[in-house]
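Coordinates in review
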Amino acid sequence: MTGANPTPPGHAERILVVEDEPEFAELAVLWLERHGWRPLVAADGGEALRLVDEARPDLVLLDVGLPGLDGWGVIEQIRERSRVPILFVTARDAEADKVRGLGLGADDYVTKPISFPELMARVAAALRRAISWGGLDDQGQEIRRPGLVVDARSHQVYAAGRPVHLSPTEYRLLVRLAERPGEAIGHADLLRTVWGPGYADDLHVLRVTMRNLRAKLAEAAPGRRYVLTVYGIGYRFAPAQE
Ligand code: CA
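Residues numbered from 1 in each chain as written. Predicted model: local features only at pLDDT ≥ 70, side-chain atom pairs only at ≥ 80, totals over all residues. Heavy atoms only, no water.

**Quick word on the overall build of the protein**
Where we set the bar: The way it works is that DSSP assigns letters per residue, a run of H or I at least four long becomes a helix, a run of E at least two long becomes a strand, and they are numbered from the N terminus. Atoms considered for the radius of gyration are the C-alpha atoms alone. The globule rule reads 2.2 Å times the number of residues to the power 0.38. Relative accessibility thresholds used throughout: buried, under 20% of the residue-type maximum; exposed, over 50%; partly exposed, between the two (1.4 Å probe, protein chains only). Residues count as neighbours in contact if any of their non-hydrogen atoms are within 4.5 Å of one another. Residue exposure ignores everything except the shown protein chains as possible cover, and the areas themselves are Shrake-Rupley values with a 1.4 Å probe. In this count, Lys and Arg are taken as positive residues and Asp and Glu as negative ones, while His and the chain termini are left out. Positions of charges follow a simple convention, taking NZ of Lys, CZ of Arg, CG of Asp or CD of Glu.
On a plain count of helices and strands, the protein comes out with eight helices and 12 strands. For 242 residues, the compact-globule formula gives about 18 Å, and the C-alpha radius of gyration of the protein, at 18 Å, lands near that figure. Overall, the C-alpha framework of the protein stretches about 55 × 35 × 35 Å when taken along its three principal axes. Going through the 242 residues of the protein one by one, you find that 49% of them count as buried. A fraction of 59% describes how many contacts in the protein between residues 6 or more apart in sequence connect residues 24 or more apart. Just so you have it, the protein exposes about 11,000 Å², and 52% of that area is on carbon and sulfur atoms. Averaging the positions of the 30 positive and the 34 negative side-chain charges in the protein gives two centres separated by 8 Å.

Right under this line is the structure:
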């Protein structure tokens, strides 16, 4: 638990804070340092991209309202070069923004006005997900299902033989389902295992991510339904065409 046991000095994860409001940036830096992480600050999108390349942060905390290149452009450009977890900050109730950000490959979002304790919990959860992603990598597994191959070494997914470019969260969701084909997996189970403890009630993030995952699979393999809805329960991976 990264949040509960701060990482020893020298091994602290680097968190890139992309924010043009100095007051918010300063508060975020204080909170992140208090939790044992190493914050870096970029005040605009161009600076953010430069720091992603040069400082290789372990997580990016990104305000979408930025001068010049906005947060959406920043997410797109980061995803062209890196799988670093991205947590974006948006206005409360900006439903379209949440869908858009997750669709572009962000991992999670927080809403303004920010609750810093909640933000720290979400940072810790995103870092844990990134670490357990690495764990799957180390095992070098390959998951083969009818019409689907997941190469855990390269994190590459092929549907009907065509590559599918998934965000880290979409990838973890697919792996969780494909590991147990035919089995109904509950919403709370998926939220806990893919997003982390504390997310069990966050149905919205699951639904949006599932929508994106299905759209990407359908683009590669039109007509094939890999993930079925189990109404009132959750989802299940279809072992073959149903
Ligand atoms: Ca801003």
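The structure having been displayed, the exposition proceeds.
**Thoughts on the coordination of the calcium ion**
The line we're drawing: Counted as donors are N, O and S atoms no farther than 2.8 Å from the metal, or 3.2 Å for Na, K and Ca; water is not among the atoms, and sites may therefore look incomplete.
Surrounding the calcium ion are the protein donor atoms Glu-19 (OE), Asp-20 (OD), Glu-21 (OE), Asp-63 (OD) and Gly-65 (O), at 2.1 to 3.1 Å. Sequence positions of the residues that donate to the calcium ion give the spacing E-D-E-x41-D-x1-G. You can call Asp-20 partly exposed: its relative accessible area is 32%.

**Quick notes on the pairing of strand E12 (residues 234-237)**
Basically, it comes down to this: Being paired, for any two strands, means DSSP has found at least two bridges between them.
Examined bridge by bridge, strand E10 (residues 185-186) and E12 share two bridges and lie antiparallel to one another. Across the sheet, residue Ile-185 finds its bridge partner in E12, namely Tyr-235. Taken together, the four bridges between strand E11 (residues 227-230) and E12 define a ladder with antiparallel strand orientation. Looking at the pairing, Leu-228 lines up with Arg-236 of E12. Adjacent in sequence and paired antiparallel, E11 and E12 are bridged by three residues, among which Gly-232 carries a positive phi angle near 80°.

**A few points about the pattern of salt bridges**
To keep things clear, this is the line we draw: Criterion for a salt bridge: a side-chain nitrogen of Lys or Arg within 4 Å of a carboxyl oxygen of Asp or Glu.
Under the counting rule described, the total for this entry stands at 15 salt bridges. Residue Glu-142 is joined to Arg-144 by a salt bridge in which the shortest nitrogen-to-oxygen separation is 2.9 Å. Given the relative accessible area of 46%, Glu-142 is considered partly exposed. Overall, the relative accessible area of 55% leaves Arg-144 in the exposed class. Residue Arg-180 pairs with Glu-183 through a salt bridge whose shortest N-O separation is 2.9 Å. Taking the relative accessible area as the measure of exposure, Arg-180 reaches 23% and is therefore partly exposed. The class of Glu-183 is partly exposed, set by a relative accessible area of 36%.

**Overview of the domain arrangement of the protein**
Just so we agree on the cut-off: Residue ranges labeled as domains rest on an automatic or database domain assignment. Using a 1.4 Å probe, buried area is obtained as the accessible area two parts lose upon being combined, added over both of them. In protein, a polar contact requires one atom able to donate a hydrogen and another able to accept it; more generally it is a pair of N or O atoms within 3.5 Å, and residues adjacent in sequence count only if both atoms are side-chain atoms.
Assigned domains of the protein: these are domain 1 (14-134) and domain 2 (140-237). Between the C-alpha centres of domain 1 and domain 2 the distance comes to 24 Å. In this complex, domain 1 contributes 17 residues to the contact, which on the side of domain 2 involves 21 residues. Buried area between domain 1 and domain 2, summed over both chains or domains, comes out near 1,700 Å², and the portion from carbon and sulfur atoms is 50%. The tally of links between domain 1 and domain 2 comes to one salt bridge. Where domain 1 touches domain 2, the interface holds three residue pairs in polar contact (both at pLDDT 80 or more).

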